[in-house]
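Summary of structural features
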Amino acid sequence: MTTPENPVIQIAVLLLAVMLLPCTVKATGHGPGNGDNERHVRLREQMVNRQIIVRGIENRPTVSALRNVPRHMFVRESERRQAYMDSPLPIGYGQTISQPFIVAYMTQLIDPRADMKVLEIGTGSGYQAAVLAEITDQVFTIEIVQELGRWGEHNLRSSGYDNVQVKLADGYHGWEEHAPFDAIVVTAAADHIPPPLVEQLREGGRMVIPVGSPFHTQNLMLVEKRGDDIRTRNLMPVRFVPFTREEE
Amino acid sequence: MTHRHMALSLGVASLAIISFQLVIMQLLSISLWHHFAYMVISMAMLGFGAAGTFLALFRERLKRTFNQALPLLYLLCGVSMTGSVQLVGVFGEFDAFLLFFDRSQLVRMSFTYLVYCLPFFFGGLAVTLVFYRDVGRIGLYYFCNLTGSAAGALAIIWLFRILPLPVIPSLLALLPIFAAWLVRGSVRHFYIAITIALLFPLAGILKPATPGISEFKAMYGSLQLPDARIMHEEFGPYGLLQVVRAPSLRFAPALSLNFRGQPPVRDILFHNGEYFGTLLGGDRTGHQKDPHLLDYATRGLPFALRRPESVLILHAASGVDVSHALSHNPRRITAVEPNRQANRLLTAHRPEWIDSLYLKPQVTLAGNSVRTWLSAHPEVRKDLIVLPVVGAFGGTSGVHALQEQYHLTLQAFAEMYNRLSDEGMIAVTVWTGYPSRKSLKILATWRRLLEGSTIYGAEHHIMAVRSWGTITWVLSRSPFTSEEREAVRSFSRARSFDPLILADIRPGERDYFNQVGDRSFFSHVDTLLYGSYESFSGDYLFDIRPATDNRPFFFHFMTLSSISELRLQYDIRELTYMELGYVLAAVTLVQIVMASVFLIIFPLFRVGWKGTRRRWTFLYFAGIGIGFMFFEIVLIQKLVRYLGQPVYATAAVLAALLLSSGAGSFFSSRLQADRRTLLRTGAAVVALIVLYALFLMPLLDMSMGWPLTARVLSVVVLLAPPAFFMGMMFPFGLRRLSGSNETQIPWACGVDSCLSVSATVLATMVALEAGFGLVMGVAAGAYALTTLASLRLGGEAGPT
């Protein structure tokens, strides 16, 4: 006789219950930071020595900033153990936190100084903004994905970066009230460079844009404004020698 | 239960099982990428193989409880069809992109793989149990099984047309449940069991699981934008079409930095979560009409050169290039777009989304694949042929490495070249990426094409202009004039672009506005243009040899031999994302081999492998497993060119092979399974595979212009002979074992299943590396091995 104790029926009921659960369970994994401790300081030191300096990053403020910013506070809980590894990491919403070397290279490219005003497009986890904030007085950062922006701002505040202004908006229009900027760092690029950003770049200013698919960022583009002349330069952070035979 | 009911139940369940296979392929194409199609075939094979092993282990118990077991297995098959889709939706959805960063994704991938195997396991067990129990009527049952399977492969295409994809698994699940009802007999509590089972599809129909889309697909990203919403959504045989609207979705791909206007906000049409096209209709925020926005991108180059009167736009998608061409007032535009579902949407249902572009008198829209259209119109001559943009901004991490691109092969360009008027041009725009691969492959292809047409001095026929993000390449039938070269200079200067290839290129001209980090790119271009491009292709770290119809994987650049060298320059994880599709295929292969050994082979050790000539048994059935699946997979990949769509190719090949090999198996029971018959049948299979490798596609090419139904029928008829003989080999082998080495039968089935499972992915990898010719060669070689092994298979006096 079929009774509720029948294991087949129990399994069936359980499976049915599972089916009726919402199908879009997705956790972002963003959580509060763990604070900074000696282990993290040591890991950062290793990161700077093994990934940054040996690859030719010589700009002192940049190296010092990388040494100070607690990168593990800017990654998801699940990726925290890998925070200081030599690779980008997923932060949800199809976005990544760049490899430490890329962040250092982008920072060095704009030749940051304390008196500079820098705009960042694409706050993400807030790590790049934190690195810039270690060096410059004013950092403005804009994030279009609301959840990411809020998380990035939380990471910045909980790590003590109060000189960063975060705006949840479409970075396409830049931040006109604070323009012109000495440098613009675009960490989340679209398939065209927004004309308003070019306009908000100070004469002689620099804009840096990474070009590459997630987990495979290899080259950066530098846009320089000199009067009406706008030139671009593709820079490859990873030295690549594709031709394997001797040049004839 | 009568044997008629039993036969009908087999047909119905088989129809559902094969249809379900194609449904999962569609689901995985939407949530992930199309290369998981091969994983789905192996999932089905694994389920069937595990069922065979299970039967070998518990055959006596199953035979004793046959009347209860059969309806229960059908019910479980139905429940698992709808349940697996829901379970994967809730727990297992994995993102292939995160596989190398998040270990849990590997677990989720395995979970998905195993859960989707369940319907095939239960269905396969029910079918083989019927065969085993009632061997006397095997002919009828096998016929119903294969006819049902073939009908399922074709019927699902019709279901895709009329029903939304998420409800189809639940509707299909009703079929095995109906099969259970047919064979219910007088099983106790059957009505309670069937009522519970019916609750699953009912729940699935009321609350269908919509496939989640990878967060690394363009569609997902666009939905993260503020106030983004899906304006339209429809499922069909071509997959999922969605239109997304957001105030920050702007149309200005690789726009010149000199552009000072406001790029327009436009809706985007996505196909299976990937960018399909921008909908240029409407005028919500300052649409630039004169000149067209694309004239501020390198895509404007062909129109800066000449004034084409007759334009052919290939893979026209939502008509962006048609709109661009129209702004230059040509006399005639032909747009070729194989996605008929999208065509119907943009012409019949919502033409206003694209300003009724396709309904304008000077525009003709053809719903064919590029190659089909070119073959069907040998007489046309065009002034300009525009190909779709190659690649995407920032790259795609090589997720498309496994996808056949028949419009970018050497043979495709040759056909296009032959359709050009005297002043005609082919134009293709490529997103730049580093290290350079796509552009170099285009140049290598064109150089070889010109030399094949005995045209030397490629620099007079090829022109290219480079911006910060794209390179537009133009190939002209007639040499470019000096006036045209000056026009290109003026076009480039006004937009901060740099000429890349001009016959009279000047020093410093190539990177005045846009400097490259690695200037060796220019020397590569020069070598490919002026030098010995073949030796260059051989030495370059990436495979930039032209894609061909034999190896149509344009986006496959990594070679096995280059991996160790690349490893010196890149972190292993970074390297992985250089060609994710290729790496995923390798990971899938490892996983599949492990799963098949674990689920099919290991359990067989319980029954032991006894008897003589085990080596020959292994070789015979290993040859069949590899040969059949290599033949099937290569045919699916080749016939994408003929039939235009992967889903049509898969359905047609499955239907043809199942039907004909089933007929062959059925017919084989009338013949003696002696060595001579085996030898002759094997030799016929090998000869036919070799013949088909050489002549199938040329034969099909003659009917490329036929309507789709006629082409599907041609495939079914043409594939019948080899499939018929292949279908005989397996039962012949089993019959020889059944007389002398009966205990080897489960092992024979296990070896066949295990290698079939692995061969699905292995065939794809061989095709990537060496082309379809070698895959066919391996198939022929495997059957040759089977034929040789047949000489020593079974006892000395093999039974009849």
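Refer to the structure above for everything that follows.
Below or above, wherever it landed, is the structure these notes cover. The model shown is predicted, which means the values in this text are computed figures rather than measured ones. (Residues numbered from 1 in each chain as written. Chains lettered and ligands numbered in written order. Predicted model: local features only at pLDDT ≥ 70, side-chain atom pairs only at ≥ 80, totals over all residues. Heavy atoms only, no water.)

A word on the overall build of chain B
A tally of regular secondary structure across chain B gives 26 helices and 13 strands. Here the C-alpha radius of gyration of chain B, 28 Å, is about what a compact globule of 800 residues would show, namely 28 Å. By residue count, 64% of the 800 residues in chain B fall in the buried class. Surface accessibility of chain B: about 27500 Å² in total, with carbon and sulfur atoms responsible for 61%. With 67 positive and 51 negative side-chain charges, chain B shows a spacing of 11 Å between the two charge centroids. (Helix = DSSP H or I, 4+ residues; strand = E, 2+ residues; numbered from the N terminus. Rg over C-alpha atoms; globule rule 2.2 N^0.38 Å. Buried < 20%, exposed > 50% of the residue type's maximum accessible area, 1.4 Å probe, protein only. Areas by Shrake-Rupley, 256 points an atom, 1.4 Å probe, with all protein chains shown as cover. Lys, Arg positive; Asp, Glu negative; His and termini not counted. Charge placed at Lys NZ, Arg CZ, Asp CG, Glu CD.)

Section: the environment of Met702 of chain B
All names here are of chain B. By secondary structure assignment, the location of Met702 is in the loop between α23 (675-701) and α24 (708-740). A relative accessible area of 64% means that Met702 is categorised as exposed. Once the C-alpha coordinates of Met702 and Gln645 are considered, the two residues, 57 residues apart in sequence, prove to be 19 Å apart.

Examining the pairing of strand β10 (residues 462-466) of chain B
Residues and elements named next belong to chain B. Of all five residues that make up β10, five are buried, and the element is covered over most of its length. The two faces of β10 match: Ile462, Ala464 and Arg466 on one face and Met463 and Val465 on the other face are all buried. For β10 and strand β11 (residues 470-476), the ladder comprises five bridges, and the chain directions are antiparallel. The partner of Ile462 across the bridge, within β11, is Leu475. A loop of three residues connects β10 with β11, the two strands running antiparallel in sequence. (Pairing = 2+ DSSP bridges.)

Here's the deal with a nonpolar patch on the surface
On the surface, a cluster of nonpolar side chains totalling about 520 Å² of accessible area is made up of Leu114, Phe598, Leu599, Phe602 and Phe605 of chain B. Here Phe605 of chain B lies in the loop between α20 (580-601) and α21 (614-643). (Patch = residues over 30% accessible without salt bridge, like charges linked within 9 Å, V, L, I, M, F, W, Y side chains within 5 Å. Salt bridge = Lys/Arg side-chain N within 4 Å of Asp/Glu carboxyl O.)

Topic: the pairing of strand β1 (residues 229-236) of chain B
All names here are of chain B. Here β1 pairs with strand β2 (residues 239-245) via seven bridges, running antiparallel. When the bridges of β2 are listed, Arg229 appears paired with Arg245. A loop of two residues connects β1 with β2, the two strands running antiparallel in sequence.

Focus: the sheet that holds strand β13 (residues 514-515) of chain B
Pairing in this open sheet of eight strands is mixed, and the strands run β5(A)-β4(A)-β3(A)-β6(A)-β7(A)-β8(A)-β9(A)-β13(B) from one edge to the other. Two strands lie at the open edges of the sheet, namely β5 (164-168) of chain A together with β13 of chain B, each paired on one side alone. With two bridges joining them, strand β9 (residues 229-235) of chain A and β13 of chain B adopt parallel strand pairing. Along β13 of chain B, the bridge assignment pairs Arg233 of chain A with Gln515 of chain B. The strands that helix α4 (residues 100-109) of chain A touches are β6 (181-186), β7 (201-211), β8 (219-226) and β9 of chain A; relative to β8 of chain A, the one it contacts most, it runs at about 15°. (Contact = heavy atoms within 4.5 Å. Axes fitted to C-alpha atoms, helices over the stretch in contact; angles between N-to-C directions.)

Re the pattern of salt bridges
All names here are of chain B. Within the structure shown, the criterion is met by 33 salt bridges over all chains. Of the charged contacts in the structure, one is a salt bridge between Asp543 and Arg551, with a shortest N-O distance of 2.5 Å. By relative accessible area, Asp543 is classed as buried at 4%. Assessed through its relative accessible area of 12%, Arg551 is described here as buried. Between Arg641 and Asp549 there is a salt bridge, and its shortest N-O distance comes to 3.7 Å. With Arg641 in helix α21 and Asp549 in the loop between α17 (533-539) and α18 (560-569), the pair connects residues that are 92 residues apart, well separated along the chain. Since its relative accessible area comes to 6%, Arg641 is described here as buried. Each of Arg485, Glu486, Arg489, Asp504, Arg506 and Glu509 takes part in salt bridges that share partners, so that together they form one network.

Some words on empty space enclosed by the protein
Residues and elements named next belong to chain B. Under the counting rule described, the total for this entry stands at 10 cavities of 30 Å³ or more. For the second largest cavity, the calculated volume is near 410 Å³. Along its surface, the second largest cavity is lined by 35 residues, and Gly395, Gly433, Tyr434, Arg437 and Lys438 are the ones closest to its centre. Among the elements of the structure, β9 (420-431) and α14 (438-452) are those that each provide at least two residues to the lining of the second largest cavity. Looking at the lining of the second largest cavity residue by residue, the classes come out as 14 nonpolar, 17 polar and four charged. (1 Å grid on protein atoms, 1.4 Å probe; cavity = no way out; pocket = protein on both sides within 12 Å on 5 of 7 lines; lining within 4 Å. Points joined across faces, edges and corners; volume = space filled by probe spheres on them. Nonpolar A, V, L, I, M, F, W, Y, C, P; charged D, E, K, R; others polar.)

A closer look at the sheet that holds strand β4 (residues 274-279) of chain B
Residues and elements named next belong to chain B. Strand order in the open sheet made by the four strands is β1-β2-β3-β4, with antiparallel pairing throughout. Edge positions in the sheet fall to β1 and β4, since each of these pairs with one other strand and no more. Between one strand and the next, the sheet's axes are offset by a mean angle of 20°, whatever the strand orientation.

What to know about the nonpolar core
Across soluble globular proteins, nonpolar side chains have a tendency to be buried as a group. Among the nonpolar cores identified, the biggest contains 294 residues, and Ile426, Ile462, Trp473, Leu639, Leu643 and Leu719 of chain B are the most heavily contacted of them. Grouped together as the second largest cluster of nonpolar side chains are 37 residues, Leu279, Ala317, Val363 and Met463 of chain B included. (Core = buried A, V, L, I, M, F, W, Y, C linked by side-chain atoms within 4.5 Å.)

So, the state of the cysteines
All names here are of chain B. The tally for this structure, following the rule as stated, stands at zero disulfides over all chains. Of the cysteine sulfurs around Cys117, a residue in no disulfide, the closest is that of Cys77, at 13 Å. Cys749 takes part in no disulfide bond, and the closest cysteine sulfur, belonging to Cys754, lies 13 Å away. (Disulfide = S-S within 2.5 Å.)

Note that every value here comes from positions in space, so none of it alone points to a role or purpose.
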